[in-house]
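# Working through the structure, step by step
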Amino acid sequence: MTPRPLPGPPVPHRVVALLLPPQDTFPLACATEVFGDHRPAVPAHYTFGVCTEHPGPVRTRAGYDLLVTAGLDALEDADTVLVPGWQQPADTEVPPAVVDAVGRAHRRGARVVGLCSGAFVLAAAGLLDGRRAATHWARATELAARFPRVRVDPGVLYVDHGDVATSAGAAAGVDLCLHLVREDHGAAHALRIARRMVMPPHREGCQLQYAELPAPPAGDSLAPLLEWLAERLDRPVSVAEMAVRSQVSARTLTRRFTEQLGISPGRWLLDRRIAATRALLEETDLPVETIARRVGLSSAVNLRRRFHEALRTTPAAYRRAFRANRAG
């Protein structure tokens, strides 16, 4: 018998960012930090490249040019096409060649992602018609007026439809990129990247908390409480206990969570417990009962119920899926 050849290493997912002058450098840097090369600390599941309509120097808003050698044909073999912003005046049309290239990439099956005002390019290509979409809160009204078939949501940090995704402004691009990594390769891999970036792997709330509102007084910050809670996921903690820790009433604490994070204290804590559960399912062989105690969900029955409510799957199925992905 002729021996069957061993399978080679998996082909990395190719991410190509489409740069459009004057390019905003921050969303581009956010994408680079998430999808770029983190080896040897983090396994390389992605390759990252850039292209532009007219190869050569690409003007940025930061006072320098980027030399981009690849044209729009680079999108033809991209697995994910990423548009990190669109900084033209309100009445400027997206170049037809760009619209055509983005549309072709989507039709052949590429995922198309718009960070911040990059949603305008996706809308011009018709990819957001009849769908919810996010963009920077300051440009949400403009996006809705120019593309009335797009259901603009000015509050969310990001919207992911699977084939198309959009994010709110600036740092919300990191939130979306890390979310895509979680969907592609699991919570544990996204957590590794987030740790390299020294940031949380998942940010709660909505972008309306940042829209022209004054910062909360120092005494109102939830940061000390959130840090305290993150260190105690294995213990039951009530809202009343959180309130005592913060030296406020339960009502005041709930109001602060709603204003600053867009969710309730209980919801925030449950989301953290689910995130910890996902990482343990992916990276350990611990029984579900043990994981339930470690993340403060008391029992396997309670963990399974909460996990299914959050992710529409069971812990066992989730573990099998990510173990299969890792083996492949």
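This section reports on the structure supplied with the text. (Residues numbered from 1 in each chain as written. Predicted model: local features only at pLDDT ≥ 70, side-chain atom pairs only at ≥ 80, totals over all residues. Heavy atoms only, no water.)

### Points about the overall build of the protein chain
Test applied: In this text, helices come from DSSP runs of H or I with a minimum length of four residues, and strands from runs of E with a minimum of two, each type numbered from the N-terminal end. The rule is simple: take the accessible area with a 1.4 Å probe, protein chains only, and divide by the maximum for that residue type; under 20% is buried, over 50% is exposed, in between is partly exposed. Any pair of residues with heavy atoms lying within 4.5 Å of one another is described as a contacting pair. Residue-level accessible areas treat just the shown protein chains as cover; the underlying method is Shrake-Rupley with a 1.4 Å probe.
Of the regular secondary structure elements, the protein chain holds 13 helices and ten strands. Split into buried and exposed, the 328 residues of the protein chain put 46% on the buried side. Once local pairs closer than 6 in sequence are excluded, the contacts in the protein chain between residues at least 24 apart make up 65%. Accessible area of the protein chain: about 16500 Å², with a carbon and sulfur share of 55%.

### Things to note about the side chain of Asp 24
The following threshold applies: Pairs of N or O atoms within 3.5 Å make up the polar contacts considered here, provided that, within protein, one atom can donate a hydrogen while the other can accept it, and that residues adjacent in sequence are counted only when both atoms are side-chain atoms.
Looking at the element boundaries, Asp 24 is found in the loop between β1 (13-19) and α1 (25-35). On the basis of relative accessibility, which here comes to 18%, the residue Asp 24 falls in the buried class. Polar side-chain contacts of Asp 24 include one of 3.4 Å to the backbone nitrogen of Phe 26. Aside from chain neighbours lying at most four places away, what touches Asp 24 is Arg 61, Pro 84 and Gln 87.

### Points about the side chain of Arg 139
As for its position among the elements, Arg 139 is in the loop between β7 (132-133) and α4 (140-146). Excluding residues that lie within four positions of it along the chain, Arg 139 makes contacts with Trp 86, Gln 87, Gln 88, Ser 117 and Phe 120.

### Overview of the environment of Asp 77
Its location among the elements puts Asp 77 in the loop between β4 (65-68) and β5 (80-83). In this structure, the C-alpha to C-alpha distance between Asp 77 and Ala 110, residues 33 residues apart in sequence, is 8.4 Å. Non-local contacts of Asp 77, meaning those with residues more than four positions away in its chain, are made with Arg 14 and Arg 108. Of note is the side chain of Asp 77, whose polar atom sits 3.3 Å from the side chain of Arg 14.

### Things to note about the packing of helix α6 (residues 187-197) against helix α10 (residues 265-283)
Applicable threshold: All axes here are fitted lines through C-alpha atoms, helices being fitted over the stretch that makes contact, and every angle between N-to-C directions spans 0 to 180 degrees. Note on angle classes: values under 35 degrees are labelled roughly parallel, values over 145 roughly antiparallel, values of 65 to 115 roughly perpendicular, and the remainder oblique. The classification used treats Ala, Val, Leu, Ile, Met, Phe, Trp, Tyr, Cys and Pro as nonpolar, Asp, Glu, Lys and Arg as charged, and all other residues, Gly among them, as polar.
Viewed as axis vectors pointing N to C, α6 and α10 meet at an angle of 110°, and their least axial separation amounts to 8 Å. What the angle tells us is that α6 and α10 run roughly perpendicular. Contacts from Ala 187, Ala 188, His 189 and Arg 192 of α6 reach α10 at Arg 278, Glu 282 and Glu 283. Looking at the contact of α6 with α10 residue by residue, the classes come out as two nonpolar, one polar and four charged.

### A look at the pattern of salt bridges
Side chains that differ in charge, positive against negative, can pair when their charged atoms come close. The condition is simple: Each reported salt bridge corresponds to a side-chain nitrogen of Lys or Arg within 4 Å of a carboxyl oxygen of Asp or Glu.
Counted under the stated rule, the structure contains 14 salt bridges. Two residues, Glu 309 and Arg 305, come together in a salt bridge whose shortest N-O distance is 3.3 Å. Placement of both Glu 309 and Arg 305 in helix α12 (residues 300-311) is noted, with a separation of four residues, approximately one turn of the helix. Exposure remark for Glu 309: the relative accessible area of 42% places this residue in the partly exposed category.

### Focus: helix α5 (residues 172-185)
Heads up, the rule is: To estimate the expected span of a helix, subtract one from its residue number and multiply by 1.5 Å.
Over its 14 residues, α5 runs 20 Å from end to end, which matches the ideal 20 Å to within 8%, given 1.5 Å per residue. Among the 14 residues in α5, eleven count as buried, and that is most of the element. Ala 172, Gly 173, Val 174, Asp 175, Leu 176, Cys 177, Leu 178, His 179, Leu 180, Val 181 and Arg 182 are the residues of α5 that are buried. Downstream of α5 by a residue or two, Gly 186 has a phi angle that is positive, lying close to 95°.

### Describing the nonpolar core
To keep things clear, this is the line we draw: As used here, the term nonpolar core means buried Ala, Val, Leu, Ile, Met, Phe, Trp, Tyr and Cys residues forming a set that is joined through side-chain atoms within 4.5 Å.
With 31 residues, the main nonpolar core has Leu 18, Leu 75, Val 121 and Leu 128 as its most contacted residues. When contributions to this core are tallied by element, the ones reaching two or more residues are β1, β5, α2 (96-107) and α3 (119-124). Counting residues in hydrophobic clusters, the runner-up holds 30 residues, among them Val 58, Leu 82, Ala 168 and Val 174.

### Some points on the packing of aromatic side chains
What counts is decided by this rule: Aromatic pairing here means that ring centres of Phe, Tyr or Trp (its six-membered ring) are within 6.5 Å. Orientation follows from the plane angle: under 30 degrees is stacked, over 60 is edge-to-face, and everything else is tilted. Charge-over-ring contacts are defined here by two conditions on Lys NZ or Arg CZ: a distance within 6 Å of the ring centre and an angle within 35 degrees of the ring normal.
Within the structure shown, the criterion is met by three aromatic pairs. Seen from their ring centres, Phe 120 and Phe 147 are 6.5 Å apart, and the 70° between their planes marks the pair as edge-to-face. On the criterion of sequence distance, the pair formed by Phe 120 in helix α3 and Phe 147 in the loop between α4 and β8 (151-152) is long-range, its members being 27 residues apart. Take Phe 120 and Phe 147: they sit in the same class, and that class is buried. Look at Phe 307 and Tyr 318: their rings are 5.4 Å apart centre to centre, the planes differ by 80°, and that puts the pair in the edge-to-face class. One end of the pair, Phe 307, is in helix α12; the other, Tyr 318, is in helix α13 (residues 315-327), and eleven residues separate them in sequence. In this pair, the class of Phe 307 matches that of Tyr 318, namely buried. Cation over ring: Arg 139 sits above Phe 120, and NZ or CZ is 4.4 Å from the ring centre. The residue whose ring lies beneath Arg 272 is Trp 268, and the NZ or CZ to ring-centre distance is 5.6 Å.

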